[in-house]
Amino acid sequence: MNCIKCGTPLAEHTGPGRPPTYCSTVCRRLVEYEIRRLDRRLGDYEFQLREEQADRNEADYFVDNLGRNRTQRINDLKKWIKADSARLRELCGGT
Ligand SMILES: [Zn+2]
């Protein structure tokens, strides 16, 4: 088992209770910050995705400043939501 934030190997957990997932108070706080950041970003992505999917005016050939059309933007948003959700799950102690 390694620290979920910095990867430092953790001492073997003995005794009752949940095994620790970080090596130090600093890492625990950094994880809290990362969770907050991910949560905010996910909310933002989900909002953008909803808007993209609801927009009936622009045709699919409209290209944004990253050179993507709507289908590509939606695919990127779905990919980012999936990646951030997985990291969030990991940070919250899931696998
Ligand atoms: Zn650590």
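Each protein donor to the zinc ion is listed here as Cys 3 (SG), Cys 6 (SG), Cys 23 (SG) and Cys 27 (SG); together their distances run 2.3 Å. For the zinc ion, the four donor atoms in the first shell make angles of 106 to 114° at the metal, a pattern classed as tetrahedral. Mapped onto the sequence, the residues coordinating the zinc ion show the spacing C-x2-C-x16-C-x3-C. Pair noted here: Cys 6 is in the segment before helix H1 (25–54) and Cys 23 is in the segment before H1, with a separation of 17 residues, a long-range link. Under the relative-accessibility criterion, Cys 6 is labelled partly exposed at 44%.

Here we take up the nonpolar core. Judged by nonpolar contacts, Ile 4, Val 31, Leu 38, Leu 42, Tyr 45, Leu 49, Ile 74, Leu 77, Ile 81, Leu 88 and Leu 91 together constitute the single largest core of eleven residues. Mapped by element, the contributors of at least two residues to this core are H1 and helix H2 (70–91). In contact with Leu 49, other than residues within four places in its own chain, are Ile 74, Leu 77, Lys 78 and Ile 81.

Another point: the packing of aromatic side chains. The tally for this structure, following the rule as stated, stands at one aromatic pair. Measuring from ring centre to ring centre gives 5.4 Å for Tyr 45 and Trp 80, while their planes differ by 35°; the resulting arrangement is tilted. A residue pair is termed long-range when its members are at least 10 positions apart, and Tyr 45 in helix H1 and Trp 80 in helix H2 qualify at 35 residues. The partly exposed category is assigned to Trp 80, whose relative accessible area is 34%.

What follows deals with the packing of H1 against H2. The geometry of a pair of packed helices is captured by two quantities: the angle between their axes and the separation between those axes. It is at 9 Å that the axes of H1 and H2 come closest, and there the two elements cross at 155°. Put simply, H1 runs roughly antiparallel to H2. Judged by the twist between their axes, the crossing of H1 over H2 is left-handed. Contacts between H1 and H2 involve Val 31, Glu 34, Ile 35, Leu 38, Arg 41, Leu 42, Tyr 45, Glu 46, Gln 48, Leu 49, Glu 52 and Gln 53 from the former and Arg 70, Arg 73, Ile 74, Leu 77, Lys 78, Trp 80, Ile 81, Asp 84, Ser 85, Arg 87, Leu 88 and Leu 91 from the latter. Of the residues assigned to the contact of H1 with H2, the class counts are twelve nonpolar, three polar and nine charged.

Thresholds applied
- Residues numbered from 1 in each chain as written.
- Predicted model: local features only at pLDDT ≥ 70, side-chain atom pairs only at ≥ 80, totals over all residues.
- Heavy atoms only, no water.
- Donors = N, O, S within 2.8 Å, 3.2 Å for Na, K, Ca; no water.
- Tetrahedral: all angles 85-135°; square planar, octahedral: opposite > 155°, others 65-115°.
- Helix = DSSP H or I, 4+ residues; strand = E, 2+ residues; numbered from the N terminus.
- Buried < 20%, exposed > 50% of the residue type's maximum accessible area, 1.4 Å probe, protein only.
- Core = buried A, V, L, I, M, F, W, Y, C linked by side-chain atoms within 4.5 Å.
- Contact = heavy atoms within 4.5 Å.
- Phe/Tyr/Trp six-rings, centres within 6.5 Å; stacked < 30°, edge-to-face > 60°.
- Axes fitted to C-alpha atoms, helices over the stretch in contact; angles between N-to-C directions.
- Parallel < 35°, antiparallel > 145°, perpendicular 65-115°, else oblique.
- Left-handed = near helix turned anticlockwise from the far one by under 90°.
- Nonpolar A, V, L, I, M, F, W, Y, C, P; charged D, E, K, R; others polar.

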